[in-house]
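Per-entry structural report
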Amino acid sequence: MDGIKINENLMRRIVRAIDKAIVEDIPEYFRENHKETNNAIIHFRGDCINENLRNLVVGGDIELIPFKRYVWQGRIIVDRKEKITYTITTQKTLRSIPRKQRNKPHFLQTILGIENSSYVASVKQITLMDLYPFEAEELESDYNSIVEGMIDPTEGYRHYVIAYDTDSNEVRDIQLEFMDKEFNTIETASLNEYIKPDFARLTDVEFLDENLSEETEDEAKGLVAIKSNKFGLSPKLREVPKQA
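This report concerns the structure included in the present document. (Residues numbered from 1 in each chain as written. Predicted model: local features only at pLDDT ≥ 70, side-chain atom pairs only at ≥ 80, totals over all residues. Heavy atoms only, no water.)

Points about a negative patch on the surface
- On the surface, a cluster of negative charge is contributed by E135, E137, E138 and E140.
- Looking at the element boundaries, E137 is found in helix α5 (residues 136–147). (Patch = residues over 30% accessible without salt bridge, like charges linked within 9 Å, V, L, I, M, F, W, Y side chains within 5 Å. Areas by Shrake-Rupley, 256 points an atom, 1.4 Å probe, with all protein chains shown as cover. Salt bridge = Lys/Arg side-chain N within 4 Å of Asp/Glu carboxyl O. Lys, Arg positive; Asp, Glu negative; His and termini not counted. Charge placed at Lys NZ, Arg CZ, Asp CG, Glu CD. Helix = DSSP H or I, 4+ residues; strand = E, 2+ residues; numbered from the N terminus.)

Listed below in structure tokens is the structure:
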């Protein structure tokens, strides 16, 4: 069975797109647009990531395909040369998708069900729930509505999920997940080496939420706060010499 393929240049740019959204774009939004309530932040992180993908990732063989789920808009990254598609989500959301009962498949259930249908993980989850409750015809119809003819799965495309975890306004972990249609992991690869730490962030504005996810209406949690460094110390101001 083919193992996971890593396009290092592409992974570096995608991680940068995620990292920039979380540690730069969102704190900047709070500095400039903080209001009495901040309900818009529920989907703002995904908007920032997608904007960064457009500006930092797209080009050459790499495309960005738009799709909609009700009022929510998503993006699929397509590597035309390697015949690989990617979506980005939080690790919490990825774990929750197969556990939730749905009348219509989550878009990841559809994409994995079509593009990764021929792959089977060697180790499967043991569960009392049916992790794959949708018929092939339903998945095919939903897949066509998502990609609208821009991807032909018969050309041998496979799908990878880029799943990240955050702590306030820092990216803590990013994994490249190759999964079968039942969300069992075939192979995973850490992308943490592409996260570049910036010590200047330690005194930045702290982003309020940790687990906002796609296709959700969960309330945002917490408030904006000034974040001290990891040692609990506030930065000292340089004294200005007194004039003689």
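Remarks on the sheet that holds strand β5 (residues 170–179)
- Spatially, the six strands line up as an open sheet ordered β1-β2-β3-β4-β5-β6, and their pairing is mixed. Pairing within the sheet leaves two strands with one partner each, and these edge strands are β1 (62–69) and β6 (185–190). Across the sheet, the axes of successive neighbouring strands diverge by a mean angle of 30°, strand direction being ignored.
- Seen against the sheet, helix α2 (residues 41–56) touches β1, β2 (72–79), β3 (84–90) and β4 (158–167) and runs at an angle of roughly 30° to β2. (Pairing = 2+ DSSP bridges. Axes fitted to C-alpha atoms, helices over the stretch in contact; angles between N-to-C directions. Contact = heavy atoms within 4.5 Å.)

Details of the packing of aromatic side chains
- Inspection of the entire model under this criterion finds eight aromatic pairs.
- Look at F67 and W72: their rings are 5.8 Å apart centre to centre, the planes differ by 70°, and that puts the pair in the edge-to-face class.
- On the basis of relative accessible area, W72 is assigned to the buried category, the value being 16%.
- Ring plane angle 70° and centroid distance 5.0 Å describe the contact between Y119 and F178, whose orientation is recorded as edge-to-face. In this pair, Y119 sits in the loop between α4 (107–115) and α5 while F178 sits in strand β5, placing the two residues 59 residues apart along the sequence. (Phe/Tyr/Trp six-rings, centres within 6.5 Å; stacked < 30°, edge-to-face > 60°. Buried < 20%, exposed > 50% of the residue type's maximum accessible area, 1.4 Å probe, protein only.)

Coordinates in, geometry out; function isn't part of it.
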